[in-house]
Amino acid sequence: MLTLHIIRRELQGDVTLLTLAHADGIELPAFSAGAHVDLHLSAELVRPYSLCGDPQDRHHYQLGILKDSRSQGGSLAAHALREGDEVQVSAPRNLFALDTRGTHSLLIGGGIGITPMLAMAAELHAAGRSFSLHYACRSRSGAAFVTQLENAPYAERVQLHFSDEQRLNLASVLSDVPPNTHVYVCGPTRLMEAVSSLAKNLDYLPEQIHQECFSADVQIQGNAFEVVAAASGITVQVAENQSIVEALALAGLKVCVSCKQGICGSCLTDVLEGEPDHRDSYLTDEEKADGDQILLCCSRAKGARLIIDL
């Protein structure tokens, strides 16, 4: 865990840019484009945020955080941080890395989903690799990073799309690319679903389509079942409207959770016996089919009993 100082700057569109640095100016752990860190906003409130700075900058982490009144408290707590505050930050983890097999990278960021694309563009530009970046927002006045992109060294590779000016034409964007293009998309669920569906119709292979979710609507409800935490010797009953994490916490076994939406993978646990009912967006279809792992924050059991390695 890192203790970092905050430099804060307000951007348009209700976005705050937090720059995090060590008080002594020492280098921070390296990260690659697409990585995120967990921001420990309180003892109980931990949220993942994509790193949007240049991966070559070893002295700073940058996070662009949208103020969202509908959130579960993460963005509001992040916006309450002040210049000079200290915050606990995890080492970077990458679940959305660039695939070096692609000859061209097509980056699509919708709204605050542009943040991982900024790091990707910086990394691709530094490596001299082929890419294009599309930034879609409702309006220019609400596009937090429009000035940064217009002045970036790779500005000629950037196209801006505003709903009140020139909307993003996904069919054109996904079609006008070189062979063996890999597409990366982050933003609202509707955008990501549209990109994935259209890309598949245009004969992109599944491994050429990469997504990162900032939020997901998960339904944790279902039939009650029993969970045995084998290593801890604890057995709990998970009620119909209760998550496994909640049931274990009541029995005194605290599980490390971050997003609570099946996105970040922090509560990933091995399954020793039983069949998981996967509700997450983290595991691949193949990993879900294997049935030997589960995200405890949202997934359930298909049967009456699940034994986990915890």
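Enquirer: Any chance you could break down the overall build of the chain for me, citing the residues and the numbers?
Expert: Counting its secondary structure elements, the chain contains seven helices and 19 strands. For a compact globule of 310 residues, the expected C-alpha radius of gyration is about 19 Å, and the chain comes in at 20 Å, within 12% of that figure. Overall size of the chain, expressed as C-alpha extent along the three principal axes, is 60 × 50 × 35 Å. Taking all 310 residues of the chain together, the buried fraction comes to 48%. Contacts in the chain between residues far apart in sequence, at least 24 positions, make up 67% of those at least 6 positions apart. Accessible surface, the chain: about 14,800 Å² in total, of which carbon and sulfur atoms supply 47%. For the chain, the centre of its 23 positive side-chain charges and the centre of its 38 negative side-chain charges are spaced 5 Å apart.

Enquirer: How would you explain the side chain of Ser243 if you had to name every residue and give the values?
Expert: Residue position: Ser243 is located in the loop between strand S14 (234–238) and helix H6 (244–250). Its relative accessible area of 6% is what places Ser243 among the buried residues.

Enquirer: Give me unusual backbone geometry: which residues, what numbers.
Expert: Apart from glycine, the bulk of residues carry a negative phi angle, and the bulk of peptide bonds sit in the trans form. One non-glycine residue with positive phi stands out, namely Asp14, at about 60°. Mapping Asp14 onto the fold places it in the loop between strand S1 (2–11) and strand S2 (15–21). Phi angles above zero are rare outside glycine, and Asp203 is one such case at about 75°. The topology assignment puts Asp203 in the loop between helix H5 (189–201) and strand S12 (209–212). According to the relative accessible area criterion, Asp203 is exposed, its value standing at 64%.

Enquirer: Just give me the short version of the environment of Glu83, but keep the residues and values in it.
Expert: Mapping Glu83 onto the fold places it in the loop between helix H1 (74–79) and strand S6 (86–89). Placed 221 residues apart in sequence, Glu83 and Ala304 show a C-alpha to C-alpha distance of 51 Å. Those residues in contact with Glu83 that lie beyond four places of it in its chain are Ile6, Ile7 and Arg8.

The rules we used
- Residues numbered from 1 in each chain as written.
- Predicted model: local features only at pLDDT ≥ 70, side-chain atom pairs only at ≥ 80, totals over all residues.
- Heavy atoms only, no water.
- Helix = DSSP H or I, 4+ residues; strand = E, 2+ residues; numbered from the N terminus.
- Rg over C-alpha atoms; globule rule 2.2 N^0.38 Å.
- Buried < 20%, exposed > 50% of the residue type's maximum accessible area, 1.4 Å probe, protein only.
- Contact = heavy atoms within 4.5 Å.
- Areas by Shrake-Rupley, 256 points an atom, 1.4 Å probe, with all protein chains shown as cover.
- Lys, Arg positive; Asp, Glu negative; His and termini not counted.
- Charge placed at Lys NZ, Arg CZ, Asp CG, Glu CD.

Keep in mind these numbers describe shape, not what the thing actually does.
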